[in-house]
Amino acid sequence: MKPNESEPNRAPRCVLLGRRCLTCGACGWVHCVMTAEEKATNDRVLERYQFSEAERLVYESAFRQCLRRESPASEFRAAEEPDLAQAEGHLVTPVFVETEVGTN
């Protein structure tokens, strides 16, 4: 991520560059695909909490569904320019999915 410098009078913001983005087919919410390294970093931070098996399942499921509508990631599609334009200025949530998700 890097600050958007094209509009100096606007508040600083970050832009995701070179990232694969997916869109929820149910609601149009845009999600950014996490790398395995990013997911591992998140997992390590949470180790200190010693999640139970049920808590771990809830944590893992959050990365495989739309956080807005709870639609499964298997229903996501590749984000297109109109999706990304609509998401500008909004929160883009992370997902950790298999490579083929969003390619159909």
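Residues numbered from 1 in each chain as written. Predicted model: local features only at pLDDT ≥ 70, side-chain atom pairs only at ≥ 80, totals over all residues. Heavy atoms only, no water.

A.B. asks: So what's going on with the side chain of Asp83? Which residues, and what values?
C.D. replies: For Asp83, the location among the structural elements is in helix α3 (residues 81-87). Engagement of the side chain of Asp83 in a polar contact is seen with the side chain of Arg77, the distance being 2.7 Å. (Helix = DSSP H or I, 4+ residues; strand = E, 2+ residues; numbered from the N terminus. Polar contact = N/O pair within 3.5 Å; in protein donor to acceptor, adjacent residues only side chain to side chain.)

A.B. asks: Give a description of the packing of aromatic side chains that names residues and reports values.
C.D. replies: Following the criterion strictly, the structure yields 3 aromatic pairs and no others. Measuring from centroid to centroid gives 5.2 Å for Tyr59 and Phe63, while their planes differ by 80 degrees, and the two rings are edge-to-face. One exposure class covers both Tyr59 and Phe63, and it is buried. An aromatic cluster is present here, built from Tyr49, Phe51, Tyr59 and Phe63 joined pairwise through their rings. (Phe/Tyr/Trp six-rings, centres within 6.5 Å; stacked < 30°, edge-to-face > 60°. Buried < 20%, exposed > 50% of the residue type's maximum accessible area, 1.4 Å probe, protein only.)

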